[in-house]
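Listed here are the chains, written in short residue letters.
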Amino acid sequence: MFTLNTRAALGKQVQQQRLAITKRLFTNTKNYDALVLNAYTSKGGQVSLTASKDISQKTKHLIEEQLKVSNFKKAGDVRTLYNVGGMKQVAIVSLGEQSVAQKDEQEAARRATALGLQALKPQGAKHVGVDISVNAHGAGEGSVLSQFSFDKLKSKKEQQDEDIQVGPFSESTNTELTWESGQIYGASQNVARMLMTSPANLMTPKLFAEEVAYLLAGLENVEVIVRDEEWAARQKMNAFLSVAKGSAEPLRFLEIHYNGGKKGDKVHGLVGKGVTFDAGGISLKPSNNMALMKGDMGGAATVAGALYGICKMQLPINVVAVTPLCENMPSGTATKPGDVIKAMNGKSIEVLDTDAEGRLILADALYYLSSKYKPESLIDLATLTGAMDVALGDVFAGVFTNSNKLWHNLEKAGKQTSDPFWRMPLNDGYLKEMQDSAVADLNNLGKGRSGGACSAASFLKEFVSGLEDNQNKIDWAHIDIAGVMDSQGTDGYHIKGMSGRPTRSLIEYVRGLSK
């Protein structure tokens, strides 16, 4: 006859057996139908799964043995296993050697997550758990960035499959940046990608302003103001107006205020070049690859994407962002080579080349923000010069700045997000060629491609108010993103097409300031 104690003991044994059976599979409380797991691999062929706490030893051993015989070695290798531990599909991605991967865990997790999801999507996976044990934030970024596509204009038959539903699997020790923050960073870059990829007829200055206002609607501490041509004329933004006058599409000046910091704290400024299509004006571009010029508003797009992320993160800081939006088209009303205009700050400019238009619209925007709001720091972003693409290609965005502190903060942010910056020379020697005009204070061209990115930066410097003010000196940086505007192919979380870079680095930079 059983006593109460023996019955209790037997019940406990049965419960433990049931738990053991469950643990033999995966800890899968969210009922994922597939998993992305990470593994370290050594040169000697040793394999070690990173999410060990959530996988039984038996299942872990089974997976590792299969990986060893599949030549699973170098970082980026992906193997998909089926019906393992009760899971329909498991994609395992190599992080490479542990000592190397741990030098940049965020990038390792970001890339591995992207590769794993891209392996599972063609197999019909719908609800995927992602290993976040290495770095939750990086995994969150990779889960969103890797799934970007722009197929809403295709017929239903041609549309790609719906995005995979993704959630965290395993545990993370990082508490400052999380899975959720990573997804915000990724979604913010996808906002910029979406804006840049949209055809120019569907992303005019008016539609761009409306789209951004819609994206930010309902978020806390943010105000969106859309200005028109009449307002720009009252502000005497003649440089901006001169670029827009060749197009039938009306210009817009988008101004965004994010007030997450204390009232009275100094603001930080962002300016983005917003030429929604650049035909070159009267100085017409060659037709080859002109279609890519729908992305000439990449500066405005990355600023809008960054503001989306800053608002979603509710960072404790005050930011003012402006994006002058227009088209640069040839017509009977367009600005002509040789015309002279007077910018908002009173300086006259001889327009030698109407295709050097980005610096004209930025000139008025920079002066407006710097003189009116006197920000503590000011950064402008623009797909400005082909010379920058020649100099740095598609790896680094070029930074011209008067501030070592600002450069240090940008460099640190770029390394954190693996979307890096390279410092370029800001020197008045590059301005001399742009001061050579018989009829105006400046010309807008200089010597063209020879040092073109450097001379363009020196030109912009002339329109930032407060650079010489020793009492309230503005830290300013110009970031030329022409080289990183698009990706030539898909590789992990880098998707072929307009890149949306460096949106995540901007958010990380502002997050650093807010700390």
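Residues numbered from 1 in each chain as written. Predicted model: local features only at pLDDT ≥ 70, side-chain atom pairs only at ≥ 80, totals over all residues. Heavy atoms only, no water.

Caption draft 1: Representation of the pairing of strand β15 (residues 397-401) in the model. Along β15, 5 of the 5 residues are buried, which leaves the element largely enclosed by surrounding structure. Judged from the 3 bridges that link them, β15 and strand β16 (residues 421-423) form a sheet pairing that is parallel. Residue pairing across strands places Val399 opposite Arg423, the latter belonging to β16. Across 4 bridges, β15 lies against strand β18 (residues 475-480) in antiparallel orientation. The partner of Val399 across the bridge, within β18, is Ile479. (Buried < 20%, exposed > 50% of the residue type's maximum accessible area, 1.4 Å probe, protein only. Helix = DSSP H or I, 4+ residues; strand = E, 2+ residues; numbered from the N terminus. Pairing = 2+ DSSP bridges.)

Caption draft 2: A look at the layout of surface pockets. In this model, the second largest pocket occupies a volume close to 500 Å³. What lines the second largest pocket is a set of 24 residues, among which Phe148, Ser149, Phe150, Ile495 and Lys496 lie closest to the centre. Secondary-structure elements contributing two or more residues to the lining of the second largest pocket are α4 (105-120) and β20 (497-498). Here the lining of the second largest pocket is built from residues that sort into 10 nonpolar, 8 polar and 6 charged. Of the residues that make up the lining of the second largest pocket, three or more belong to each of domain 1 (34-153 + 162-177) and domain 2 (180-514). (1 Å grid on protein atoms, 1.4 Å probe; cavity = no way out; pocket = protein on both sides within 12 Å on 5 of 7 lines; lining within 4 Å. Points joined across faces, edges and corners; volume = space filled by probe spheres on them. Nonpolar A, V, L, I, M, F, W, Y, C, P; charged D, E, K, R; others polar. Domains from an automatic or database assignment.)

Caption draft 3: Here's a closer look at the domain arrangement of the protein. Along its sequence, the protein is carved into domain 1 (34-153 + 162-177) and domain 2 (180-514). One C-alpha centre belongs to domain 1, the other to domain 2; they are set 37 Å apart. Between domain 1 and domain 2, the residue contacts involve 20 residues of the former and 26 residues of the latter. Between domain 1 and domain 2, the buried area comes to about 2,000 Å², and carbon and sulfur atoms account for 58% of it. (Contact = heavy atoms within 4.5 Å. Buried area = accessible area lost by both parts, 1.4 Å probe.)

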